[in-house]
Amino acid sequence: MDALYLVMPAYNEEENIEQVVRDWYPVLEQTGPDSKLVIADSGSTDRTHEILLSLQQTDFPKLVILDQTGKQHGPKLIALYRYAIQQGADYIFQTDSDGQTDPLEFRAFWRRRYEYDAIIGHRSSRGDGRFRAFVEGVVCALLRIIFGIRVPDANAPFRLMTTAVVDKYIDRFEEDYFLPNIMLTTFFSYYHEKLLFRRISFKPRQGGVNSINVKKIFKAGLDALKDFIRFRKNM
């Protein structure tokens, strides 16, 4: 059976993390015996890490915790993807640890794993507000202008990918790159990998405080534009 590494970055998610683990852990039963739930928690200042360790030591033996990945979301994703590659996973499924995605929607992705290199969620309706939807729209417009690709959702944290296709592109990122999911989506589309977008639900954050504000998003947008242009020159 196929080994799936279900990976999540986490940062100050003490209000969500236990329920998220309990909700997503049964997904492993739909896959192979060597599948793992891997969570990168580095830099949390609340009880996130303590809760994860307690869960790992009690009811969740297939839970792996990475604690040396840096604080930011992007570097955590890169570290998680590299770990899955190194451990010989067949597939990588990435979601976030804030409770906004629905584990019940995973099965439809898993059923079609042999048809595509990557299946990425399309958040056609978003519970996290119009501003976030607007930002995603701007990102997709920039990708269309700069790379000539059309994607409905570049950054969705609900993506099933073959480990092989991630391995093809992971070395293009420096360890601290902050938007690897957007660029992976871009690479998959630009280089004509077998790619499917499938609609998913996307709930409001289930607890805690989002660490990203408007000021940070604006700065990240400027940095992203520079990086998009840099990547495009090398493609």
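Our structure is the block above this text.
The shown structure was predicted, so the numbers you read here are calculated from the model rather than taken from an experiment.

The rules we used
Residues numbered from 1 in each chain as written. Predicted model: local features only at pLDDT ≥ 70, side-chain atom pairs only at ≥ 80, totals over all residues. Heavy atoms only, no water. Helix = DSSP H or I, 4+ residues; strand = E, 2+ residues; numbered from the N terminus. Rg over C-alpha atoms; globule rule 2.2 N^0.38 Å. Buried < 20%, exposed > 50% of the residue type's maximum accessible area, 1.4 Å probe, protein only. Contact = heavy atoms within 4.5 Å. Areas by Shrake-Rupley, 256 points an atom, 1.4 Å probe, with all protein chains shown as cover. Pairing = 2+ DSSP bridges. Axes fitted to C-alpha atoms, helices over the stretch in contact; angles between N-to-C directions. Phe/Tyr/Trp six-rings, centres within 6.5 Å; stacked < 30°, edge-to-face > 60°. Lys NZ or Arg CZ within 6 Å of the ring centre and 35° of its normal. Core = buried A, V, L, I, M, F, W, Y, C linked by side-chain atoms within 4.5 Å. Salt bridge = Lys/Arg side-chain N within 4 Å of Asp/Glu carboxyl O. Patch = residues over 30% accessible without salt bridge, like charges linked within 9 Å, V, L, I, M, F, W, Y side chains within 5 Å.

### Overview of the overall build of the protein
Part 1 of the reasoning: Within the protein, the secondary structure is distributed over eight helices and seven strands.
Part 2 of the reasoning: For a compact globule of 235 residues, the expected C-alpha radius of gyration is about 18 Å, and the protein comes in at 17 Å, within 12% of that figure.
Part 3 of the reasoning: Taken over the C-alpha atoms alone, the protein extends approximately 50 × 40 × 30 Å along its principal axes.
Part 4 of the reasoning: Sorting the 235 residues of the protein into buried and exposed places 50% on the buried side.
Part 5 of the reasoning: Considering only residue pairs separated by 6 or more positions, the protein has 82% of its internal contacts joining residues 24 or more positions apart.
Part 6 of the reasoning: Accessible area of the protein: about 11500 Å², with a carbon and sulfur share of 50%.

### Considering the sheet that holds strand β2 (residues 36-41)
Part 1 of the reasoning: Pairing is mixed across the open sheet formed by seven strands, whose spatial order is β3-β2-β1-β4-β6-β5-β7. Two strands in the sheet have a free side with no partner beyond their single neighbour: β3 (63-66) and β7 (195-199). For this sheet the average axis-to-axis angle between neighbouring strands, irrespective of direction, equals 20°.
Part 2 of the reasoning: Its contacts with the sheet place helix α1 (residues 17-24) against β1 (4-10), β2, β4 (91-95) and β6 (158-162), and it is angled at close to 165° to β1.
Part 3 of the reasoning: Across the face of the sheet, helix α7 (residues 180-190) comes into contact with β4, β5 (118-122), β6 and β7 while running at roughly 50° to β6.

### Focus: the packing of aromatic side chains
Part 1 of the reasoning: One pass over the full model with this rule turns up 21 aromatic pairs.
Part 2 of the reasoning: One aromatic cluster is present, formed by Tyr169, Phe173, Tyr177, Phe178, Phe187, Phe188, Tyr190, Tyr191 and Phe231 through successive ring pairs.
Part 3 of the reasoning: Over the face of the ring belonging to Trp110 we find Arg113, whose NZ or CZ atom lies 4.1 Å from the ring centre.
Part 4 of the reasoning: One residue, Arg230, lies across the ring of Phe231, its end atom 4.7 Å from the ring centre.

### A word on the nonpolar core
Part 1 of the reasoning: The biggest cluster of nonpolar side chains holds 42 residues, and the ones touching the most others in it are Tyr81, Leu143, Met161, Phe173, Phe188 and Phe228.
Part 2 of the reasoning: Ranked by the residues each element gives to this core, the list is headed by helix α3 (residues 73-86), at six residues.
Part 3 of the reasoning: Setting aside chain neighbours within four positions, we find Phe173 in contact with Ile78, Arg82, Pro180, Met183, Leu184, Phe187 and Phe231.
Part 4 of the reasoning: Membership of the second largest hydrophobic core comes to 29 residues, among which are Tyr25, Leu37, Leu63 and Phe106.

### Quick notes on the pattern of salt bridges
Part 1 of the reasoning: Counted according to the given criterion, the structure contains 10 salt bridges.
Part 2 of the reasoning: Glu50 serves as the salt-bridge partner of Arg47, at 3.6 Å between the closest nitrogen and oxygen.
Part 3 of the reasoning: Judged by relative accessible area, which is 42%, Arg47 ranks as partly exposed.
Part 4 of the reasoning: A salt bridge links Arg230 to Asp227; the shortest N-O distance between them is 3.0 Å. Residue Arg230 and its partner Asp227 are both found in helix α8 (residues 214-233); the two are separated by three residues, about one turn of the helix.
Part 5 of the reasoning: A residue is classified by how much of its surface remains accessible, and Arg230, at 37% relative accessible area, is partly exposed.
Part 6 of the reasoning: Three or more residues joined by partner-sharing salt bridges are found here, namely Arg82, Asp171 and Glu175.

### A look at a nonpolar patch on the surface
Part 1 of the reasoning: A cluster of nonpolar side chains, Phe131, Phe134 and Val138, forms an exposed patch at the surface whose accessible area comes to about 280 Å².
Part 2 of the reasoning: With respect to the element layout, Phe134 can be found in helix α5 (residues 130-147).
Part 3 of the reasoning: For Phe134, a relative accessible area of 55% translates into the label exposed.

### Points about the environment of Gly99
Part 1 of the reasoning: Looking at the element boundaries, Gly99 is found in the loop between β4 and α4 (106-111).
Part 2 of the reasoning: Spatially, the C-alpha atoms of Gly99 and Gln19 are 8.0 Å apart, while their sequence positions differ by 80 residues.

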